[in-house]
Amino acid sequence: MPPPQPLATSRKVKSEVKASPALSLFSRPGDGTIRSRRIAILVANGVAGEAVRKLHADLLGLGAVPRFVGVRLGTVQPDAGEGIEVEVTVEAAPSVLWDAVIVPDGTDATERLEANGQVLEFLKDQYRHCKTLLALGSGGSLLQAAN
C-alpha cells in the first residue's frame, strides 16, 4: 500500500457519524464463508480443462455457486478432456451479478478472451466495483489487457 495522504488540518476532527451495525457487512446474514457466493469462471476454447473442472467442483463442495461464463452459449474445447458447457454469457449476466470472477489458465483461451471487448469491460466493471478477481497462470495477461 502507498503511504497515506497527509492530513488536511492539524486540528483534531470529531466524527459526526457513529459506527452503524446496520451498515456493516459483518451484520449481514451468513456465516462469513464462501457459501452462496456467485462466482463466474471465464472460459473459451483452449482453457486449462482439468484445472477448471477441479476448481468448479471444489467451489461447489464449499457451497459456492460457480458458473462457466463465456462469450457465446455452447461448448468450449479445453486443452484436455471433454468440452465444457458455457452456462451463461458475459452479455446476459454482467459483472454486477457476480461476487467474484476467476480467469483460468490457458494461453489460447486468454488470447480469445482478450480479443473480446465485452470480456474486457466485464473485468473492468468487476474491478471498479471492488469485487474479487482471481487470475491463474496466463489469465493474468487478460487482467493486464483490461488495464
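First, a word on what this report is: a plain description of the structure on this page. Predicted model, so just to flag it, every value in this text is computed and none were measured.

## Description of the overall build of the protein chain
Here comes step 1: Within the protein chain one finds four helices and seven strands.
Here comes step 2: Traced from its N-terminal end to its C-terminal end, the protein chain shows the element sequence β-α-β-β-β-β-β-α-α-β-α.
Here comes step 3: Radius of gyration (C-alpha) of the protein chain: 19 Å, far over the 15 Å computed for a compact globule of 147 residues.
Here comes step 4: For the protein chain, the proportion of contacts with a sequence separation of at least 24, taken over those separated by at least 6, is 70%.
Here comes step 5: Of the roughly 9800 Å² of accessible surface on the protein chain, a fraction of 55% belongs to carbon and sulfur atoms.
Here comes step 6: Across the protein chain, 16 positive and 16 negative side-chain charges occur, with their mean positions spaced 15 Å apart.

## Comments concerning the packing of aromatic side chains
Here comes step 1: Applying the stated rule across the entire model yields zero aromatic pairs.
Here comes step 2: The ring of tryptophan 98 is capped by arginine 38, whose NZ or CZ atom sits 4.4 Å from the centre of that ring.

## Here we look at helix H3 (residues 117-128)
Here comes step 1: Over its 12 residues, H3 extends 16 Å from the first C-alpha to the last, a length consistent with the 16 Å expected when each residue adds 1.5 Å.
Here comes step 2: Buried residues of H3: Val119, Leu120, Phe122, Leu123 and Gln126, and no others. Within H3, the buried residues cover an arc of 155° as seen down the axis, which keeps them to one side. Exposed and facing more than 90 degrees away from the buried side of H3 are Gly117 and Arg128.
Here comes step 3: The elements touched by buried residues of H3 are strand S1 (38-42), strand S6 (100-103), helix H2 (107-114), strand S7 (132-135) and helix H4 (139-145).
Here comes step 4: Where H3 begins, one side-chain oxygen reaches toward the backbone nitrogen of glutamine 118, 2.8 Å away; that side chain belongs to asparagine 116.
Here comes step 5: Once H3 ends, the next one or two residues include cysteine 130, with phi positive near 55°.

## Let's talk about the side chain of threonine 110
Here comes step 1: By secondary structure assignment, the location of threonine 110 is in helix H2.
Here comes step 2: Taking the relative accessible area as the measure of exposure, threonine 110 reaches 3% and is therefore buried.
Here comes step 3: Polar side-chain contacts of threonine 110 include one of 3.2 Å to the side chain of serine 138.
Here comes step 4: Sequence-distant contacts of threonine 110, defined by excluding residues within four places in its chain, comprise Pro104, Ser138, Gly139, Ser141 and Leu142.

The rules behind the values
Residues numbered from 1 in each chain as written. Predicted model: local features only at pLDDT ≥ 70, side-chain atom pairs only at ≥ 80, totals over all residues. Heavy atoms only, no water. Helix = DSSP H or I, 4+ residues; strand = E, 2+ residues; numbered from the N terminus. Rg over C-alpha atoms; globule rule 2.2 N^0.38 Å. Contact = heavy atoms within 4.5 Å. Areas by Shrake-Rupley, 256 points an atom, 1.4 Å probe, with all protein chains shown as cover. Lys, Arg positive; Asp, Glu negative; His and termini not counted. Charge placed at Lys NZ, Arg CZ, Asp CG, Glu CD. Phe/Tyr/Trp six-rings, centres within 6.5 Å; stacked < 30°, edge-to-face > 60°. Lys NZ or Arg CZ within 6 Å of the ring centre and 35° of its normal. Expected span 1.5 Å × (residues − 1). Buried < 20%, exposed > 50% of the residue type's maximum accessible area, 1.4 Å probe, protein only. Arc of directions from axis to C-beta. Polar contact = N/O pair within 3.5 Å; in protein donor to acceptor, adjacent residues only side chain to side chain.

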